[in-house]
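# Observations on chain architecture
Spelled out, the chains give:
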Amino acid sequence: MSGTHRYYAGLDMGSASIKAAVLSGHRLIASEIVASGGKYSDTARKIMGGVLAKAGISEDRLDGMIITGLGAESAPFDAPQVSDISCHAMGCHCLFPSTRTVIDIGGQFTKVARITPQGRIADFLMSEKCATGSGRFLQVIARILQVKLEDIGPLSMTSKHPVEFSTNCAVFAESETVSRIAEGAKAADILAGVHHAMAAKVAMLLKRVKMEPDVVLTGGGGEDEGLALAIGDALSLKILVPDKPRLTAAFGAAYLAREQHFRSHENHSD
Amino acid sequence: MMTASEQVEKLYVERGKRARELRKKGKKIIGYFCCFVPDEIITAFDMVPYRIQGSQSEPIDQADAYIEPMACPFARSSFNLALKGRYDFLDGFVAPHSCDTIERMYHIWLHNKPSSFNHLINVPHMLGSGSTSFYRSELAYFIKSLEDWSGRKLDPDRLKDAVRLYNRRRALLRELYELRKTDPPQVSGTEITRVLVAGMGIPAEEHIALLERYMKEIKVRPVPKADKLPRIFIWGNEIDDIAFINLVEESGAQVVMDDLCTGTRFFWDDVPETKDPLDGIAARYLNIHCPRSNVPQMETREKDLGNRYGYIGQFVKDWGADGAIFYIVRYCDTCELEGPDLREYLNSMNIPVLMVEDDYSTSTIGQLRTRVQAFLEMLG
């Protein structure tokens, strides 16, 4: 039967990791996440090779592909580009049709978008070139504390007395962290404090974009359970998080590729 | 002979070259900041007005030894060029008190890079008839100091001639902007930026001759099919480099209209030809739409927004804009604080707004790509 199936790919070339997703019809059949490394185009070629092998198809079987992410320009594939905000919007819409607001906490930026019931952007905002609102902030603090990224969430949730940061600047927060360690603050309390600071920043962006529920958290930030909780607390609502939050934009891109294919071939189906 | 487009490109790239040539022939070159300094006055003295620009493609590598890096990067970049000797061809330096940065920049510039003639023009912040007469006397004082420095009296008839000359240029620029109303526009936002910047360092009559030829060239170009791309109105401060507008257009949009210091703000309104030319000049120049100025408050919020931004609403309607981009050079308090009200006004007209803050550097343009793309996808 595989001969009649239609396949679509999404490639998300992020600053920290490159993600790929392959759909058969509207079903996700293969995905891959790899650290971006120093040469995006090499990593992109490798990851596409890997994900297509997982899906058990060759590149020419793809009926559509869309590339997104900060590094989309350097992708070694001839495919249309769509902004990652649109891809996150579509990805969240497919996973949670009730999504009206998307938060994407990535390696470089935090983006928030209000979306339509059809999964299109209604309005969006990005954190300016500022590390406090992005995953980078967590990475920096985790490095100082010598905590593995995947341990940040669970560890922070054991905190009883989160540290309060007096600054909203990641650079100053780094030296503040060092001072707090010197004063004897626990790693868990520092991480919980970082989550609070980030959540406050995100909540401000959400207010400006006129947030509506449901709110979905995607991107690498979504893998940090403690952060999701802190944002939920700041907004007094429950934040939805996909199973593989980092994959959302690649998934959304593949879905948009499918949509595009449908638009240009009216009589076709999956 | 070069085509007009080639000449525009040359003037755009080789900034200051023509002014240097003219100076060798004995002309005095008067450099100035912002849209508040009347070109007419300088021209009536038979001197060449030169709008000071920075450079978005050069790092600010000297100015930070004198001023803090958290000041307006446009002002810092301009001063940086001055420190590197690139404005040594200026015989005069004039700064209006447009914003606090430019006002302080006057003193710093004067102290570190004094010209032969230096003058600060006080510009009132609140608009109204009292302010206009105040500004008129400030301009009379500016004239007096040019007279003292040059040893020549200003001939009022020459000032009237200059008013007519610049109104002619304004009319041509408005005519050029008319060509942006079609789909697609007959002239792109990137091209417009080049033409405007090219004209900021040459005498008005040369810019006029160039514009006339340029427009002829544009009008005989083949007319492309309607492309239905989103049409963008752009608001902000100094865009004296094509980089950002080019990014917007490359991302699949047409930049069709603007309210920028380097765009309509400096040329749109004519100077009325009054019996005493200084009356018309003072009224026109004080009332340019710089967000640093305040108009008297109206009784309701709606009326107030209409009173402040009605002209923008008209631009957006007449040029058929689908969305607005606020492009703000970082640390421009006036623009950043004006942004929210203008956003509210435009949103009430169903015009979505994207606000970007940038470093006045072409190296940051790539980072803005995602934002612009997402905004265009939202409009499309």
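Residues numbered from 1 in each chain as written. Chains lettered and ligands numbered in written order. Predicted model: local features only at pLDDT ≥ 70, side-chain atom pairs only at ≥ 80, totals over all residues. Heavy atoms only, no water.

## Considerations on the overall build of chain A
In terms of helices and strands, chain A carries eight helices and nine strands. Its C-alpha atoms give chain A a radius of gyration of 19 Å, near enough to 18 Å, the size a compact globule of 270 residues would have. Taking the principal axes of its C-alpha atoms as reference, chain A extends roughly 65 × 35 × 30 Å. Within chain A, contacts between residues separated by at least 24 positions form 67% of all contacts whose residues are at least 6 apart in sequence. A total of about 12100 Å² of accessible surface is found on chain A, and carbon and sulfur atoms cover 52% of it. Here chain A carries 28 positive and 29 negative side-chain charges, and the mean point of each set is 0 Å from the other. (Helix = DSSP H or I, 4+ residues; strand = E, 2+ residues; numbered from the N terminus. Rg over C-alpha atoms; globule rule 2.2 N^0.38 Å. Contact = heavy atoms within 4.5 Å. Areas by Shrake-Rupley, 256 points an atom, 1.4 Å probe, with all protein chains shown as cover. Lys, Arg positive; Asp, Glu negative; His and termini not counted. Charge placed at Lys NZ, Arg CZ, Asp CG, Glu CD.)

## Side note on the environment of Gly26 of chain B
Its place among the elements puts Gly26 of chain B in the loop between α2 (17-24) and β1 (29-32). Along the backbone, Gly26 of chain B and Met47 of chain B are 21 residues apart, and their C-alpha atoms lie at a distance of 9.7 Å.

## Focus on the sheet that holds strand β9 (residues 239-240) of chain A
Residue and element names in this part refer to chain A. Pairing in this open sheet of five strands is mixed, and the strands run β7-β6-β5-β8-β9 from one edge to the other. Only two strands of the sheet have a single partner each, and these edge strands are β7 (121-126) and β9. Here strand β5 (residues 101-105) pairs with strand β6 (residues 110-115) via five bridges, running antiparallel. Bridging across to β6, Val102 finds its partner in Ala113. (Pairing = 2+ DSSP bridges.)

## Things to note about helix α6 (residues 187-208) of chain A
Helix length check: α6 of chain A, at 22 residues, gives a terminal C-alpha distance of 32 Å against a target of 32 Å (1.5 Å per residue), a fit within 8%. Taken from the residues just after α6 of chain A, Lys210 of chain A is the one with a positive phi, measuring 60°. (Expected span 1.5 Å × (residues − 1).)

## Here we look at the interface of chain B and chain A
In this complex, chain B contributes 16 residues to the contact, which on the side of chain A involves 17 residues. Summing both sides of the interface, chain B and chain A together bury roughly 1400 Å²; the carbon and sulfur share of this comes to 50%. Per-residue buried area on chain B facing chain A is highest for Thr370, Arg371 and Met378 of chain B; these three make up 38% of the total on that side. In this assembly, chain B and chain A are joined by two residue pairs in polar contact (both at pLDDT 80 or more). (Buried area = accessible area lost by both parts, 1.4 Å probe. Polar contact = N/O pair within 3.5 Å; in protein donor to acceptor, adjacent residues only side chain to side chain.)

## Topic: the nonpolar core
Ranked by internal contacts, the top residues of the largest apolar core, which has 79 residues, are Ile41, Tyr135, Phe142, Leu176, Phe233, Ile312 and Leu346 of chain B. Take this core: its biggest share by element is seven residues, from helix α7 (residues 156-178) of chain B. With residues up to four places along the chain from it excluded, the contact list for Ile41 of chain B reads Leu139, Phe142, Ile143, Leu146, Leu159 and Leu278 of chain B. Formed by 33 residues, the second largest nonpolar core is a distinct cluster that contains Val102 of chain A together with Val248, Leu354 and Ile365 of chain B. (Core = buried A, V, L, I, M, F, W, Y, C linked by side-chain atoms within 4.5 Å. Buried < 20%, exposed > 50% of the residue type's maximum accessible area, 1.4 Å probe, protein only.)

## Side note on the packing of aromatic side chains
A complete count under the given rule lists 26 aromatic pairs over all chains for this structure. Here Phe251 of chain A and Tyr255 of chain A contribute two aromatic rings whose centre-to-centre distance is 6.1 Å and whose plane-to-plane angle is 55°, an arrangement assigned as tilted. Of this pair, Phe251 of chain A and Tyr255 of chain A both sit in helix α8 (residues 248-264), four residues apart, roughly one helical turn. With respect to class, Phe251 of chain A is no different from Tyr255 of chain A; both count as buried. Put simply, the rings of Phe33, Tyr50, Tyr66, Phe74, Phe79, Tyr87, Phe89, Phe93, Tyr106, Trp109 and Tyr360 of chain B pair up and form one aromatic cluster. One cation-aromatic arrangement involves Arg194 of chain B over Tyr12 of chain B; the distance from NZ or CZ to the ring centre is 5.9 Å. (Phe/Tyr/Trp six-rings, centres within 6.5 Å; stacked < 30°, edge-to-face > 60°. Lys NZ or Arg CZ within 6 Å of the ring centre and 35° of its normal.)

## Focus on the environment of Ile115 of chain A
Residue and element names in this part refer to chain A. Locating Ile115 in the fold gives a position in strand β6. You can call Ile115 buried: its relative accessible area is 3%. Each C-alpha atom of the pair Ile115 and Ser86 lies 9.1 Å from the other, and the pair is 29 residues apart in sequence. When neighbours within four sequence positions are excluded, Ile115 is seen to be in contact with Ala89, His93, Thr99, Arg100, Val102, Arg120, Ile121 and Ala122.

## Details of the pattern of salt bridges
Under the definition given, this model contains 48 salt bridges over all chains. A salt bridge links Arg263 of chain A to Glu259 of chain A; its shortest N-O distance comes to 4.0 Å. Here Arg263 of chain A pairs with Glu259 of chain A, and both are found in helix α8, just four residues apart, close to one helical turn. Residue Arg263 of chain A is classed as exposed on the basis of its relative accessible area, which comes to 57%. With a closest N to O distance of 2.8 Å, Asp91 of chain B and Arg23 of chain B form a salt bridge. Placement of the pair is Asp91 of chain B in the loop between α4 (73-83) and β3 (92-96) and Arg23 of chain B in helix α2, with a sequence separation of 68 residues. We classify Arg23 of chain B as partly exposed; its relative accessible area is 35%. When salt bridges that share partners are traced, they join Arg301, Asp304, Arg308, Glu338, Asp341 and Glu344 of chain B into one network. (Salt bridge = Lys/Arg side-chain N within 4 Å of Asp/Glu carboxyl O.)

## Some details on the sheet that holds strand β3 (residues 27-35) of chain A
Residues and elements named next belong to chain A. Strands sit in the order β3-β2-β1-β4 across an open sheet of four strands; the sheet is mixed. The open sheet has two free edges, formed respectively by β3 and β4 (62-68), since each of these has just one partner strand. Direction aside, neighbouring strands of the sheet carry axes that sit 15° apart on average. Lying on the sheet, helix α1 (residues 40-55) is in contact with β1 (7-13), β2 (17-24), β3 and β4; it crosses β3 at an angle near 150°. (Axes fitted to C-alpha atoms, helices over the stretch in contact; angles between N-to-C directions.)

## Let's talk about the environment of Ser159 of chain A
All names here are of chain A. Counting through the fold element by element, Ser159 comes out in the loop between α4 (149-156) and α5 (170-183). Residue class for Ser159 comes out buried when judged on its relative accessible area of 17%. Non-local contacts of Ser159, meaning those with residues more than four positions away in its chain, are made with Ala188, Asp189 and Ala192.

## Points about helix α2 (residues 84-95) of chain A
Residue and element names in this part refer to chain A. Between its terminal C-alpha atoms α2 stretches 16 Å, which fits the 16 Å expected from 12 residues at 1.5 Å a residue. In terms of burial, α2 is largely enclosed, as 10 of its 12 residues are buried. Of all the positions in α2, only Asp84, Ile85, Ser86, Cys87, His88, Ala89, Met90, Gly91, Cys92 and His93 are classed as buried.

## Some points on unusual backbone geometry
Outside of glycine, negative phi angles account for most residues, and trans bonds account for most peptide bonds. Of note, the amide linkage connecting Pro213 of chain A to Asp214 of chain A takes the cis form, showing an omega dihedral of 0°. Relative to the helices and strands, Asp214 of chain A is located in the loop between α6 and β8 (215-218). In this structure, Pro184 of chain B follows Asp183 of chain B across a cis peptide bond, with omega equal to -10°. Mapped onto the elements, Pro184 of chain B comes out in the loop between α7 and α8 (189-198). In this model, Tyr360 of chain B sits at a positive phi of 55°, which is unusual for a non-glycine residue. Looking at the element boundaries, Tyr360 of chain B is found in the loop between β8 (353-358) and α15 (365-379).

## With respect to the domain arrangement of chain A
All names here are of chain A. Partitioning chain A into domains gives domain 1 (1-83 + 247-270) and domain 2 (97-241). Each of domain 1 and domain 2 was reduced to a C-alpha centroid, and the two centroids are 28 Å apart. The interface of domain 1 with domain 2 comprises five residues on the first partner and six residues on the second. Summed over both sides, the interface between domain 1 and domain 2 buries roughly 440 Å², with carbon and sulfur atoms accounting for 49% of that surface. Contact with domain 2 buries area across many residues of domain 1, yet Ser15, Leu70 and Thr248 alone supply 56% of it, more than any other trio. Run the count over domain 1 and domain 2 and you get one salt bridge. Applying the counting criterion to the domain 1 and domain 2 interface returns one residue pair in polar contact (both at pLDDT 80 or more). When grouped by side-chain class, the residues that make up the side of domain 1 that touches domain 2 number two nonpolar, two polar and one charged. (Domains from an automatic or database assignment. Nonpolar A, V, L, I, M, F, W, Y, C, P; charged D, E, K, R; others polar.)

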